[in-house]
Structure formats: structure tokens, C-alpha cells
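# A closer look at the structure
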Amino acid sequence: MSDNTAEKPFRIQPGLTRDNVHFWTGGADNELSFLCCADCATIVHPPQPICPQCLSKNLAPKPVSGKATLYSYTINQQPWIPGFEPPYVIGLVEIDEDPSVRLMTNIVNCDIDKVEIGMPLQVVFEEQDDGIIFMPLFEPANG
């Protein structure tokens, strides 16, 4: 195990499917992408084969800006997973392109006492051991 791998906390790896591979691998190109309906422009997340708005099957991955707003959060104090030492912030973020699209993620690169609802965020990616999956995490926008 390399030193770089030892620094990253253990994360449960997602199962890759044809409907979600763009989401979990887009970080290799520093892109956060979601399925988007080509007929009505609805962002579809979590991934599914049919647009929930217009019932179209004409969906394709589309990158977004990676900017978001912190909708809600909690500070975890429990050592649930070995190597993932508390305290850490679990946040629910709203994607700027469509605030109804929310992701549960970690807020990183920020002092816990500086985290606040409504703060602007930007995506950062944590490469996993396999070099295929990139976890989208969020940090305060502009440092």
C-alpha cells in the first residue's frame, strides 16, 4: 500500500452500471456529470432509464459546473468505519444547475466550525485505489 493510499479514508465502492459510470468516473477529467434528458433538459439523479419529468428514454451524460450550495449537514462524531476518523462533515448539497438535485457527500478542506448552511461549494474528486472511481466531494468555493 502506498503512502498516498494510506492517507485516504476507506470508502465503500459503488457498483458501476451503464447508467452511472459517467458519475463515478468523470472525476478523471475533473467533471461532475449527471444524466440529462435531451427532450426536456431535466437532470436525472439518481440515475434511472427514464426521465421522471417527461418519461423520455432519451438520456445522456452531461457535465455540470461542479458548483453547489450546502443545503444541510451534520458533523459525525462516531468512529463507524476504521480509518475514517471523526469528526467529519456529512453534507447534503444542491447542484447549482438544478437545486432539486441533491447529493449526500462529505464537506472537505474546511474547518468544521466554518461550515454553514447556504455556503457556496465546489466539487473536488478523491481518486480511489482502483484509479477508475472518483468520489465527488465538496469544498468551499474559491478556497
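Further up the page is the structure itself.
Residues numbered from 1 in each chain as written. Predicted model: local features only at pLDDT ≥ 70, side-chain atom pairs only at ≥ 80, totals over all residues. Heavy atoms only, no water.

### Observations concerning the pairing of strand β4 (residues 67-76)
Going by this rule: Strand pairing requires that DSSP identify at least two bridges connecting the strands. By definition, any uninterrupted DSSP run of H or I lasting at least four residues is a helix, any uninterrupted run of E lasting at least two residues is a strand, and each is numbered from the N terminus.
For β4 and strand β7 (residues 120-127), the ladder comprises 3 bridges, and the chain directions are antiparallel. When the bridges of β7 are listed, A68 appears paired with L121. As paired elements, β4 and strand β5 (residues 88-95) share 8 bridges and run antiparallel to each other. When the sheet's bridge partners are listed, T69 is paired in β5 with E94.

### Side note on the packing of aromatic side chains
Applied cut-off: When the centres of two rings from Phe, Tyr and Trp lie within 6.5 Å, Trp using its six-membered ring, the rings pair. Their planes under 30 degrees apart give stacked, over 60 give edge-to-face, and anything left gives tilted. Exposure classes here rest on a 1.4 Å probe applied to the protein chains alone. A residue is buried below 20% of its type maximum, exposed above 50%, and partly exposed in between. Working rule: Lys NZ or Arg CZ, within 6 Å of ring centre, within 35 degrees of ring normal, means a charge sits over the ring.
The final tally for this structure, using the stated rule, is 3 aromatic pairs. Plain terms: the ring middles of F23 and F34 are 5.7 Å apart, the flat faces sit at 45° to each other, and that makes the pair tilted. Taken together, the positions of F23 in helix α2 (residues 21-25) and F34 in strand β1 (residues 32-37) put the pair 11 residues apart, joining distant regions of the chain. The residues F23 and F34 share a single accessibility class, namely buried. Seen from the ring of Y71, R102 lies directly overhead, with NZ or CZ sitting 3.6 Å from the centre.

### Considering a nonpolar patch on the surface
Under the convention used in this document: Like-charged residues within 9 Å of one another, or nonpolar side chains (Val, Leu, Ile, Met, Phe, Trp, Tyr) within 5 Å, are grouped into patches, provided each residue has over 30% relative accessible area and no salt bridge. Accessible surface is estimated by sampling points in the Shrake-Rupley manner with a 1.4 Å probe; for residues, cover comes only from the protein chains shown. Any Lys or Arg side-chain nitrogen found within 4 Å of a carboxyl oxygen on Asp or Glu counts as a salt bridge.
Together, L16, V21 and I132 make up a nonpolar patch on the protein surface, roughly 230 Å² of accessible area in all. Among the secondary structure elements, V21 is positioned in helix α2.

### Looking at the sheet that holds strand β3 (residues 59-64)
Pairing within the open sheet is antiparallel, and its 3 strands lie in the order β2-β1-β3. With partners counted over all chains shown, the strands left at the sheet margins are β2 (43-44) and β3, one partner each. Looking at chain direction, β1 and β2 are connected through 2 bridges and run antiparallel. Note that in β2 the partner of C36 across the bridge is I43.

### Describing the pattern of salt bridges
Taken as a whole and judged by the stated rule, the model has 3 salt bridges. A salt bridge links R18 to D19, with the nearest nitrogen and oxygen atoms 3.9 Å apart. The exposure class assigned to R18 is exposed, which follows from its relative accessible area of 71%.

The quantities given are spatial measurements derived from coordinates; they are silent on function.
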